[in-house]
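Survey of secondary and tertiary structure
One-letter residues, chain by chain:
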Amino acid sequence: MNFKNIMLRKAVLSSAVVVLALIYILQVIFGSRSSAKDFVIDKTYDTIEITSAENGSILLKRYGDFWKVNDEEADSGKVKLISDSAHAIKTLSVISKSSGEDAIERYGFTDTSKITVKVSDNGKEYLSLEVGKDAANGQQNYVRVNGKSEIYLASGALRQKFNVKADELKAPKKEEPAPAAPAENAPADGESPSLQPGV
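What comes next concerns the included structure. (Residues numbered from 1 in each chain as written. Predicted model: local features only at pLDDT ≥ 70, side-chain atom pairs only at ≥ 80, totals over all residues. Heavy atoms only, no water.)

Formed by 29 residues in total, the largest nonpolar core has its most connected members in I48, I50, L60, L129 and F162. Apart from residues lying up to four places away in sequence, L60 is in contact with D46, T47, I48, I50, W67, K68, V69, V79, I82 and L169. In terms of nonpolar packing, the next biggest core, distinct from the first, is built from 7 residues, Y107, F109, A135 and Y142 among them. (Core = buried A, V, L, I, M, F, W, Y, C linked by side-chain atoms within 4.5 Å. Buried < 20%, exposed > 50% of the residue type's maximum accessible area, 1.4 Å probe, protein only. Contact = heavy atoms within 4.5 Å.)

Once that is clear, we can look at the packing of aromatic side chains. By the definition in use, this model includes 3 aromatic pairs. Relative to Y152, the ring of F39 lies with its centre 5.6 Å away and its plane at 75°, an arrangement referred to as edge-to-face. In this pair, F39 is assigned in strand 1 (residues 38-40) and Y152 in strand 10 (residues 151-155), connecting sequence segments 113 residues apart. When the ring centre of Y63 is taken as reference, the NZ or CZ atom of K68 above it lies at 5.6 Å. Of note, R144 hangs over the ring of F109, and the distance from its end group to the ring centre comes to 4.8 Å. (Phe/Tyr/Trp six-rings, centres within 6.5 Å; stacked < 30°, edge-to-face > 60°. Helix = DSSP H or I, 4+ residues; strand = E, 2+ residues; numbered from the N terminus. Lys NZ or Arg CZ within 6 Å of the ring centre and 35° of its normal.)

The following block contains the structure:
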């Protein structure tokens, strides 16, 4: 009888261990998924500001169907790439919730390293994004969003897309047509055209 009770207790304990292990695994899976978040701007916007120590300040302003970069006509295709990237930021997980100096240095959020992107419309800000270092594969980056301390791992090669110079976003200059060649002097009325020697 005692032997049966011992075996029963072992079976119950083993089952409890398995259940707890499953609960832990589910918490890890769903916890990591819940930490991933998409930041999507669901409104129209007319201003994108990109600031970095390397490239200075870049102001992109939309006027109807075209954009200007620092008050000069912009290349619409290049600006669209930047606008699309800022429109939806897809994060994969929270890497850190620390705003300490160690985390700032480790993930590239120092003033000399980070790229700041702000999106607004008529003065109302919809997104404030800080892009830190590249992750190992270069297609992911560390980011902070809207002034929060959480550091996310984001997809989309954001640093590569936002690390641009103002001149690279300007529309190519249109080539002016070459001046027409001067017309040959036509003979006056009643005059014969002059003949070259040997003709």
